[in-house]
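Overview (structure and organization)
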Amino acid sequence: MSDHEVAPVLRIKGRVLVGPDEVRDELWAVDGRITYERPPGADGATTLTGWALPGLVDAHCHVGLGHEGPVDAATSEKQALTDREAGTLLIRDAGSPSDTRWTDERADLPKIIRAGRHIARTRRYIRGYAHEIEPGDLVAYVAREAKRGDGWVKLVGDWIDRDAGDLTACWPRGEVEAAIAEAHRLGARVTAHCFAEAALRDLVEAGIDCIEHATGLTEDTIPLFAERGVAIVPTLVNIATFPSLADAGEGRYPRWSAHMRRLHAGRYDTVRAAYDAGIPVFAGTDAGGSLAHGLVASEVAELVKAGIPPLDALSATAWGARSWLGRPGLEEGAPADLVLYDEDPRADVRVLGSLRRVVLNGRVTG
């Protein structure tokens, strides 16, 4: 498909889920955009039927990241296409060492909201993934990535400290406060990788906007998150790998291994407690690096398994996620990015794993 071709007129007929409780009978895609008014040329439109949702959101994904760091454009393209074919049409790329801005020119690839490159403490993250710096440089690097990203910056908030033999916080409170203030001054939101408990209070009180994974939430910090409106992206399909990671590190870091097993064991209770407290929860897979792309349906099913009601779990990858990221759903004039199913995904989120059609920028893909 040429990016400059005019998209055909499409008619989507059936049940169009504009919102959790707003259902329409049809929409049209004209020149790649949504309208609810019958357009000229409608008689020659291609008609698709089914249950329509806005294109799904993976709010924690890494296009351009592989096992050892950056990957080439062909591999990045394959990652993005895998996500697209699973229904993910909007990605918040939560840190990548690759420049993927070339994908913005591709009308057949998911739209990406970038957080620049991870910012980590020296020797405190996976080699090849992040800028590895010391606290004195944090503000400067946050400013750099705020300008490079699309309104987000990604910190590594905790990681294993080899001397301590366990997860510990990576940044002093003062530097975190200054760095987050600088990001906000530049119009960017800040998120942080956090597995454990120790870093959470400082990050939230410093003004952070989101925490990734958030397995270390406790009875003490959950009310603080709720009060400040700090979102979490639990990445439960990634947290499922904790036992195997713990087994691999048992001989060298037994404290860390035991900690990882505890965090894994409490993962569902933690997510449900966060949801019950009113903390915004969004769906993200942590695809890239060691985890496969295209797992968004599995992540939504995991949120339901954790105790989040199906409609809210669905919103975490659909209407709610798009609103949180400032991108439209199935609104008049919005890009015609949608997914079609044979059954109502509100009744059973497992329907997301049985995708019928993907429409991106008004064109049927695949």
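Just above, that's the structure.
Anyway, here's the lowdown on the structure attached to this text. (Residues numbered from 1 in each chain as written. Predicted model: local features only at pLDDT ≥ 70, side-chain atom pairs only at ≥ 80, totals over all residues. Heavy atoms only, no water.)

With respect to the overall build of the protein
Assigned secondary structure in the protein consists of 12 helices and 20 strands. Taking 2.2 N^0.38 as the reference for a compact globule, 366 residues should give roughly 21 Å; the C-alpha atoms of the protein span a radius of gyration of 21 Å, in line with that estimate. Over its C-alpha atoms, taken along the principal directions, the protein stretches across nearly 70 × 40 × 35 Å. When the 366 residues of the protein are sorted by exposure, 56% land in the buried category. Intrachain contacts of the protein at a sequence separation of at least 6 include 66% that bridge at least 24 residues. Surface exposure of the protein reaches about 14700 Å², of which carbon and sulfur atoms provide 47%. (Helix = DSSP H or I, 4+ residues; strand = E, 2+ residues; numbered from the N terminus. Rg over C-alpha atoms; globule rule 2.2 N^0.38 Å. Buried < 20%, exposed > 50% of the residue type's maximum accessible area, 1.4 Å probe, protein only. Contact = heavy atoms within 4.5 Å. Areas by Shrake-Rupley, 256 points an atom, 1.4 Å probe, with all protein chains shown as cover.)

So, the packing of aromatic side chains
Per the stated rule, a full pass over the model turns up 6 aromatic pairs. By way of ring pairs, the aromatic residues Tyr125, Tyr129, Trp159, Phe195 and Phe242 are connected into one cluster. Sitting over the ring of Tyr36, Arg24 keeps its end group 4.1 Å from the ring centre. In this arrangement the basic side chain of Arg92 is found over the ring face of Trp152, its NZ or CZ atom lying 4.6 Å from the centre. (Phe/Tyr/Trp six-rings, centres within 6.5 Å; stacked < 30°, edge-to-face > 60°. Lys NZ or Arg CZ within 6 Å of the ring centre and 35° of its normal.)

A closer look at the nonpolar core
If you look at the biggest cluster of nonpolar residues, it comprises 79 residues, and the most contacted ones within it are Leu53, Ile208, Ile211, Phe225 and Leu303. Membership of the second largest hydrophobic core comes to 15 residues, among which are Val16, Val18, Ile34 and Ala52. (Core = buried A, V, L, I, M, F, W, Y, C linked by side-chain atoms within 4.5 Å.)

Side note on the pattern of salt bridges
On inspection of all chains with the given rule, the structure shows 27 salt bridges. Taking the shortest distance from any N to any O, the salt bridge between Glu85 and Arg84 comes out at 2.5 Å. Residue Glu85 is classed as partly exposed on the basis of its relative accessible area of 39%. In this structure Arg84 comes out as buried when scored by relative accessible area, which is 9%. The shortest N-O distance in the salt bridge between Lys111 and Asp337 comes to 2.6 Å. Within this pair, whereas Lys111 is found in strand E9 (residues 111-114), its partner Asp337 is found in the loop between helix H12 (319-324) and strand E18 (338-341), the two being separated by 226 residues in sequence. Classification of Lys111 by relative accessible area gives partly exposed; the value is 25%. Judged by its relative accessible area of 4%, Asp337 falls in the buried class. One salt-bridge network, in which partners are shared between bridges, spans Arg173, Glu177, Arg201, Asp202 and Glu205. (Salt bridge = Lys/Arg side-chain N within 4 Å of Asp/Glu carboxyl O.)

Things to note about unusual backbone geometry
A positive phi is found at Asp31, a non-glycine position, where the angle reads about 55°. The topology assignment puts Asp31 in the loop between strand E2 (22-30) and strand E3 (33-35). Here Asp31 falls in the exposed class, since its relative accessible area comes to 56%. A positive phi is found at Asp286, a non-glycine position, where the angle reads about 65°. Along the polypeptide, Asp286 turns up in the loop between helix H9 (267-276) and helix H10 (296-305).

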